[in-house]
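# Residue-level structure breakdown
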Amino acid sequence: MVREAEDFAERMAKRRSVRDFAADPVPDGVIEAAIRAASTAPSGANLQPWRFVVLTDPARKRRLREAAEAEEREFYERRAPQEWLGALSALGTDWHKPFLETAPAVIVVFEVHRGPHSPKPYYVKESVGIAVGLLITALHHAGLVTLTHTPSPMRFLNEVCERPPEERPYVVMPVGYPTPDAQVPDITRKTLDEVMIRW
């Protein structure tokens, strides 16, 4: 049991967020299986308040990129506080989001709130957050890379994905394979002693 837990921790330690995606298609069934795994997440009152929209159509991905870059340009040039821009500078990000178009698939995750065909959910953000964590893990386990992208505001995603108002965008995740020359920021993770307390 300890060995399996250690092996899993080591495998997950190799997971990195990627922004340089190859155009190679993902085999049929892989994303569906990862979403099935994500859907096993616990949720408030077991209402499973999530929706996973998978975009592979090039025209729709282009619309997504154009709309996201318009919001991101406004954020980086006008709305973002200097402190936030300073924190982002080490990662080398800006308003350009080509990965939204080059990745073979983009998963847009929505929170499902009360609507004509959905009951009032409980602990929505917590539930969807756990499901997204499982989705990231399942994709990594399958040998794919991804990125969590959260443009602000995100309501344009309802139009791009043709979703009703009771579904609220949570995160955008391009999915695929890294390019051979993909670059990732040189980051470190906190040690176990920094994140765990035992009494």
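You'll find the structure just up there.
Presented here is an overview of the structure given in this document. (Residues numbered from 1 in each chain as written. Predicted model: local features only at pLDDT ≥ 70, side-chain atom pairs only at ≥ 80, totals over all residues. Heavy atoms only, no water.)

It is worth spelling out a negative patch on the surface at this point. On the surface, a cluster of negative charge is contributed by E4, E6, D7 and E10. Looking at where E4 falls in the secondary structure, it is placed in helix α1 (residues 2–13). Here E4 falls in the exposed class, since its relative accessible area comes to 62%. (Patch = residues over 30% accessible without salt bridge, like charges linked within 9 Å, V, L, I, M, F, W, Y side chains within 5 Å. Areas by Shrake-Rupley, 256 points an atom, 1.4 Å probe, with all protein chains shown as cover. Salt bridge = Lys/Arg side-chain N within 4 Å of Asp/Glu carboxyl O. Lys, Arg positive; Asp, Glu negative; His and termini not counted. Charge placed at Lys NZ, Arg CZ, Asp CG, Glu CD. Helix = DSSP H or I, 4+ residues; strand = E, 2+ residues; numbered from the N terminus. Buried < 20%, exposed > 50% of the residue type's maximum accessible area, 1.4 Å probe, protein only.)

Before going further, it helps to examine a nonpolar patch on the surface. A cluster of nonpolar side chains, contributed by L47, Y122 and Y123, occupies part of the molecular surface with about 330 Å² of accessible area. Looking at the secondary structure, you find L47 in the loop between α2 (30–38) and β1 (50–55).

Quick look at the nonpolar core now. F52, I107, V109, L135, L139 and M173 are the most contacted members of the largest nonpolar core, which totals 23 residues. Where this core is concerned, the elements lending two or more residues are α2, β1, β2 (105–112), α6 (124–141) and β4 (167–176). No other element matches α6, which puts 8 residues into this core. Not counting chain neighbours up to four residues away, the residues in contact with F52 comprise I35, A38, S39, I107, V108, V109, A131 and L135. (Core = buried A, V, L, I, M, F, W, Y, C linked by side-chain atoms within 4.5 Å. Contact = heavy atoms within 4.5 Å.)

Its 18 residues place the ends of α6 26 Å apart at the C-alpha level, agreeing with the 26 Å of an ideal helix rising 1.5 Å per residue. Listed as buried for α6 are V124, S127, V128, A131, V132, L135, I136, A138, L139 and H140. Positive backbone phi, approximately 95°, marks G143, located one or two places after α6. (Expected span 1.5 Å × (residues − 1).)

Bringing the sheet that holds β2 into the picture now. Spatially, 4 strands are ordered β1-β2-β4-β3 in an open sheet, and the strand pairing comes out antiparallel. A single partner strand is all that each edge strand has here, and the edge strands are β1 and β3 (145–146). In the sheet, β2 pairs with β4 via 8 bridges, with the strands oriented antiparallel. Bridge pairing links A105 to V175 in β4. Strand contacts of α2: β1, β2 and β4, with the helix running at about 170° to β1, the strand carrying the most contacts. Strands in contact with helix α3 (residues 58–79) are β1, β2 and β4; relative to β1, the strand with the most contacts, it is inclined by about 115°. (Pairing = 2+ DSSP bridges. Axes fitted to C-alpha atoms, helices over the stretch in contact; angles between N-to-C directions.)

Our next topic: unusual backbone geometry. Leave glycine aside and you will find that most residues have negative phi; peptide bonds, for their part, are mostly trans. The omega torsion of the bond from S152 to P153 falls at -5°, within 30 degrees of zero and hence cis. By the secondary structure assignment, P153 is in the loop between β3 and α7 (156–161). Even without glycine at this site, A45 takes up a positive phi of about 55°. For A45, the position within the fold is in the loop between α2 and β1. Here the phi dihedral of Y123 falls at roughly 55°; this positive angle occurs in a residue that is not glycine. You can call Y123 exposed: its relative accessible area is 60%.

This part takes up the pattern of salt bridges. Under the definition given, this model contains 10 salt bridges. One salt bridge in this structure joins R78 and E74, with 3.3 Å as the shortest N-O distance. Of this pair, R78 and E74 both sit in helix α3, 4 residues apart, roughly one helical turn. Among the residues examined, R78 registers a relative accessible area of 60% and is labelled exposed. On the accessibility criterion, E74 (29% relative accessible area) is partly exposed. Overlapping salt bridges bring together R62, R65, E69 and E101 as one network.

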